[in-house]
Amino acid sequence: MKINILVFGQLYDITKVSQLTIYEVNNTEQLTRKLIEQFPELSKFKFSIAVNKKIVQQNTILNNEDTVALLPAFSGG
Amino acid sequence: MIDKKKRTVFKEGAITPSFIADSIAAHSRKNNIGAHDIFLGQVRNDLIDNKTVVAIEYTAYQEMAEQKFYEIREAVFAKYNLVCLHIYHSIGVVKTGEICLFVFVSSVHRKEAFDACREIVEQVKLLVPIWGKEIFEDESSVWKENK
């Protein structure tokens, strides 16, 4: 089980990479927990999660090779 | 004829006044249009902790953003009777005083253009994964927050 992670905005200042890979997680809650273990500073930020470009509000099942994006508050325009 | 093709929204750097002028000129052939409404977002020289913003660097989740722009276009076309609609947003560095967002709505009568234009701008700010980093004179920066 391999999940591709994309990191944007101020969250990039924490991870220092725009892409990473997380293995052996089954859903978005497990994924978030694993990410926070790896980057504790992430817990200080509010961010949305998009699975394959769709924002998910609730814990969501992940499939192999899914792309999950970590999206801090938008500030376009 | 309704013009609702899927197209690229992002433009590298500032959106130039000449590009905007050319866009207006390109509509002179569409004789059924009676009203255009245009919104231009301009980078502002905010003062934050006694430092002045000199530019904003925009980044985006481009694939998702293009999808969102497409959905916004579809929803607005479904809701309002428009002739055409164009949205452009900068990516990369835009200096203060330069244009970073260009929304151009055309309809037969003014009301639809006004209403649709406002709705698009609000939706873009709310739904599209774009981030602005405000850059100061000393090259330090903070992430922008939308009000």
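A short tour of the structure in this document, coming up. (Residues numbered from 1 in each chain as written. Chains lettered and ligands numbered in written order. Predicted model: local features only at pLDDT ≥ 70, side-chain atom pairs only at ≥ 80, totals over all residues. Heavy atoms only, no water.)

Considering the overall build of chain A
The following threshold applies: Helical segments are the DSSP runs of H or I of at least four residues, strand segments are the runs of E of at least two, and each set is numbered from the N terminus. Buried means the residue's accessible area, taken with a 1.4 Å probe over protein chains only, is under 20% of the maximum for its type, while exposed means over 50%, and partly exposed covers the values in between. What makes two residues a contact is simply this: any of their non-hydrogen atoms within 4.5 Å. Residue-level accessible areas treat just the shown protein chains as cover; the underlying method is Shrake-Rupley with a 1.4 Å probe.
Scanning chain A for helices and strands turns up two helices and five strands. Along the first, second and third principal axes, the C-alpha set of chain A runs to 35 × 25 × 20 Å. Relative to its full complement of 77 residues, chain A shows a buried share of 45%. Long-range pairs, those at least 24 residues apart, make up 50% of the contacts in chain A with a sequence separation of at least 6. Accessible surface, chain A as shown: approximately 4300 Å² in total, 47% of it carbon and sulfur.

Quick notes on the overall build of chain B
This is how the line gets drawn: Radius of gyration here is computed from C-alpha atoms only, and the compact-globule reference equals 2.2 Å multiplied by the residue count raised to the power 0.38. His is not counted, nor are the chain ends; Lys and Arg add positive charge and Asp and Glu add negative charge. For charged residues, the charge sits on one atom: NZ in Lys, CZ in Arg, CG in Asp, CD in Glu.
Secondary structure assignment for chain B yields three helices and eight strands. Listing every helix and strand of chain B by position from the N terminus yields β-α-β-β-β-α-β-β-α-β-β. Since a compact globule built from 147 residues should have a radius of gyration of about 15 Å, the 16 Å found for chain B is in line with a globular shape. Overall, the C-alpha framework of chain B stretches about 50 × 30 × 25 Å when taken along its three principal axes. Burial statistics for chain B: of 147 residues in total, 45% are counted as buried. Taking the contacts inside chain B whose residues are at least 6 apart along the sequence as the reference set, 76% of them involve residues at least 24 apart. Counting every atom, chain B has about 8000 Å² of accessible surface; 50% of that belongs to carbon and sulfur. If you average the places of the 20 positive and of the 21 negative side-chain charges in chain B, the two averages end up 7 Å apart.

Considering unusual backbone geometry
Phi is positive for Lys53 of chain A, which is not a glycine, with a value near 75°. Positive phi, close to 65°, is recorded for Asn50 of chain B, a residue that is not glycine.

Considerations on the pairing of strand S1 (residues 2-7) of chain A
All names here are of chain A. Inclusion rule: Strand pairing follows a simple DSSP-based rule, namely that at least 2 bridges must link the two strands.
A large share of S1 lies buried, amounting to five of its six residues. Direction of pairing for S1 relative to strand S5 (residues 67-72): parallel, over a ladder of four bridges. Within S5, the residue paired with Asn4 across the bridge is Thr67.

Considering the interface of chain A and chain B
This is how the line gets drawn: Once two parts are put together, the accessible area they lose, assessed with a 1.4 Å probe and summed over both, is termed the buried area. When a carboxyl oxygen of Asp or Glu lies within 4 Å of a side-chain nitrogen of Lys or Arg, that pair is called a salt bridge. Polar contact criterion, stated in full: a pair of N or O atoms within 3.5 Å, where within protein one must be able to donate a hydrogen and the other to accept it, and residues adjacent in sequence count only if both atoms are side-chain atoms.
Across the boundary between the two partners, chain A contributes 17 residues, which contact 20 residues of chain B. Between chain A and chain B, a total of about 1600 Å² is buried, with carbon and sulfur atoms accounting for 60% of that surface. Here chain A is connected to chain B by one salt bridge. Linking chain A to chain B there are 11 residue pairs in polar contact (both at pLDDT 80 or more). Counting residues per element, the side of chain A that touches chain B draws most heavily on S5 of chain A, which supplies four residues.

Quick word on the packing of helix H2 (residues 62-79) of chain B against helix H3 (residues 110-127) of chain B
All names here are of chain B. Where we set the bar: To obtain each axis, a line is fitted to C-alpha atoms, and for helices this fit is confined to the stretch in contact; angles are then taken between N-to-C directions over 0 to 180 degrees. Angles are sorted into four bins: roughly parallel if under 35 degrees, roughly antiparallel if over 145, roughly perpendicular if 65 to 115, and oblique for all others. For a crossing to be left-handed, the near helix must be turned anticlockwise from the far one by less than a right angle; the clockwise case is right-handed. Ten residues, namely Ala, Val, Leu, Ile, Met, Phe, Trp, Tyr, Cys and Pro, are considered nonpolar, four, namely Asp, Glu, Lys and Arg, are considered charged, and the remaining ones, Gly among them, are considered polar.
Packing of H2 against H3 brings their axes to within 10 Å, and their N-to-C directions diverge by 155°. Judged by the angle between their axes, H2 and H3 are roughly antiparallel. Read as a crossing pair, H2 and H3 show a hand that is right-handed. Residue-level inspection shows Lys68, Phe69, Ile72, Val76 and Lys79 of H2 in contact with H3, the latter providing Ala116, Glu119, Ile120, Gln123, Val124 and Leu127. Each residue belonging to the contact of H2 with H3 can be placed in one class, and the counts come to seven nonpolar, one polar and three charged.

Some details on the environment of Val56 of chain A
All names here are of chain A. Within the element layout of this structure, Val56 appears in strand S4 (residues 54-56). Considering only alpha carbons, one finds Val56 and Glu29, 27 residues apart in sequence, at a separation of 11 Å. Excluding its chain neighbours within four sequence positions, the residues that come into contact with Val56 are Thr28, Ile49 and Val51.

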